[in-house]
Amino acid sequence: MLRVAVCVSGGGTNLQAIIDALRSGTIENAQIVRVISNNKNAYALERAKAAGIEGVCVSPKEYATRALFNEALLACLKEAAPDLIVLAGFMVAVPSCVIEAFRDKIINIHPALIPSFCGKGYYGLHVHEKVLQRGAKVTGATVHFVDEDLDHGPILLQKAVEVREGDTPEVLQRRVMEEAEWILLPRAISLIAQDRVTIDDNRITHIKES
Ligand code: GRF
């Protein structure tokens, strides 16, 4: 049984997609053992509570230094003893101590097709604003493993989404969530729970046939 810790900051729609996929059996052989938020007001914590999942807030505001927050986040994760950490709308830069402790065991959902529209400043609605400003006709979402560089680790899954005439950033964000994010993240967890994912020496992922 794959032990999954989910890190959140906001509405938790990606967390909800995972919860629903576990309930429906779309994801087998996995369980969410802890939801961790940097934001005590995150609705994602309400979603965890409603699903009977332990929710914990580890907020940078509670610590005198960033280093102390980083240590507290690592301790909170280690206490949950996850096999996989899922960043689902997590707006905190993952500290290197966490990446080292959970090397190649952290995945993130990015609301664009990496390497496009990613990196510093590309998060949440800003991503879709940039897509529209550039006039891109296709966007999408990416699930990737997390390493020390922002939005840089091995790509696991991607799904394209059409940009339509008259789209606003909000409309486009919702379409990317519905048509890509909420599909890809549960699928990624399911593949990892089935032990079907490997990363080769060139940092390319491979998915074994079921
Ligand atoms: C979404 O845009 C997601 O792509 C990004 O964080 C935002 C909020 O996600 N990673 P959620 O509703 O909190 O899951």
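Figured I'd write up the structure that's included with this text. A quick note: this is a predicted structure, and the numbers were derived from the prediction, not measured.

So, on to the overall build of the protein. Scanning the protein for helices and strands turns up six helices and nine strands. At 16 Å, the protein has a C-alpha radius of gyration in line with the 17 Å of a compact globule built from 210 residues. Dimensions of the protein along its principal axes, counting C-alpha atoms only, are 45 × 45 × 35 Å. For the protein, the residues scored as buried account for 49% of the 210 residues in total. Long-range pairs, those at least 24 residues apart, make up 63% of the contacts in the protein between residues at least 6 apart in sequence. A total of about 10500 Å² of accessible surface is found on the protein, and carbon and sulfur atoms cover 49% of it. The centroid of the 23 positive side-chain charges in the protein is displaced by 3 Å from the centroid of its 26 negative side-chain charges.

What follows concerns the site of the ligand. Around the ligand, 13 residues are found, and the nearest of them are Gly12, Thr13, Asn14, Gly89 and Glu181. At 3.3 Å, a side-chain N or O of Gln173 approaches an oxygen atom of the ligand. Contacts to the ligand include Glu181, whose side-chain N or O atom sits 2.7 Å from an oxygen atom. Starting from 360 Å² of accessible surface for the ligand in isolation, the protein chains cover 91%. Among the cavities detected, the one that contains the ligand is the largest pocket. Top element by residues in the shell around the ligand is helix α6 (residues 169–193). It accounts for three residues.

The rules we used
- Residues numbered from 1 in each chain as written.
- Predicted model: local features only at pLDDT ≥ 70, side-chain atom pairs only at ≥ 80, totals over all residues.
- Heavy atoms only, no water.
- Helix = DSSP H or I, 4+ residues; strand = E, 2+ residues; numbered from the N terminus.
- Rg over C-alpha atoms; globule rule 2.2 N^0.38 Å.
- Buried < 20%, exposed > 50% of the residue type's maximum accessible area, 1.4 Å probe, protein only.
- Contact = heavy atoms within 4.5 Å.
- Areas by Shrake-Rupley, 256 points an atom, 1.4 Å probe, with all protein chains shown as cover.
- Lys, Arg positive; Asp, Glu negative; His and termini not counted.
- Charge placed at Lys NZ, Arg CZ, Asp CG, Glu CD.
- Near = heavy atom within 4 Å.
- Polar contact = N/O pair within 3.5 Å; in protein donor to acceptor, adjacent residues only side chain to side chain.
- 1 Å grid on protein atoms, 1.4 Å probe; cavity = no way out; pocket = protein on both sides within 12 Å on 5 of 7 lines; lining within 4 Å.
- Sits in = over half its atoms within 2 Å of the grid points.

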